[in-house]
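Listed below are the residues making up each chain.
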Amino acid sequence: MRAKKNRYGGWKEQTLLFLVSQSITLLGSTVVQMAVIWYATRATSSGRWVAVFYICSWLPQEQY
């Protein structure tokens, strides 16, 4: 017997939509992290501050 689709589509469509949206979000976050590091590089001209921003950009972030 075939499973009935709900109004949001089947589980395959939902899973694909979820994975695509997560990939877009990850790409956006990576671009922002690189922009902050690039700004620190241009603004400070200090390798120490670039390293600090780079490390902080990869620390776990608390989600609300």
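Up top you'll find the structure we're talking about.
Colleague: Which parts of the structure should I look at to understand helix α1 (residues 11-44)?
Modeller: At 3.6 residues per turn, the α-helix brings residues three or four places apart onto the same side. Compared with an ideal rise of 1.5 Å per residue, which puts 34 residues at 50 Å, α1 spans 49 Å between its outermost C-alpha atoms and is within 8% of the ideal. Restricting attention to buried positions, one finds in α1 the residues Gln-33, Ile-37 and Ala-40. Among the structural elements, α2 (47-58) are those in contact with the buried residues of α1. Looking at the residues trailing α1, positive phi occurs at Ser-45, about 55 degrees.

Colleague: Help me out: how do you make sense of the packing of aromatic side chains in this one?
Modeller: Between two aromatic rings, the relevant description is the distance of the centres plus the angle of the planes. Scanning all chains against the criterion turns up one aromatic pair. Ring plane angle 45 degrees and centroid distance 6.3 Å describe the contact between Trp-49 and Phe-53, whose orientation is recorded as tilted. With Trp-49 and Phe-53 both in helix α2 and four residues apart, the pair spans about one turn of that helix. Residue class for Phe-53 comes out partly exposed when judged on its relative accessible area of 33%.

Conventions and cut-offs
- Residues numbered from 1 in each chain as written.
- Predicted model: local features only at pLDDT ≥ 70, side-chain atom pairs only at ≥ 80, totals over all residues.
- Heavy atoms only, no water.
- Helix = DSSP H or I, 4+ residues; strand = E, 2+ residues; numbered from the N terminus.
- Expected span 1.5 Å × (residues − 1).
- Buried < 20%, exposed > 50% of the residue type's maximum accessible area, 1.4 Å probe, protein only.
- Contact = heavy atoms within 4.5 Å.
- Phe/Tyr/Trp six-rings, centres within 6.5 Å; stacked < 30°, edge-to-face > 60°.

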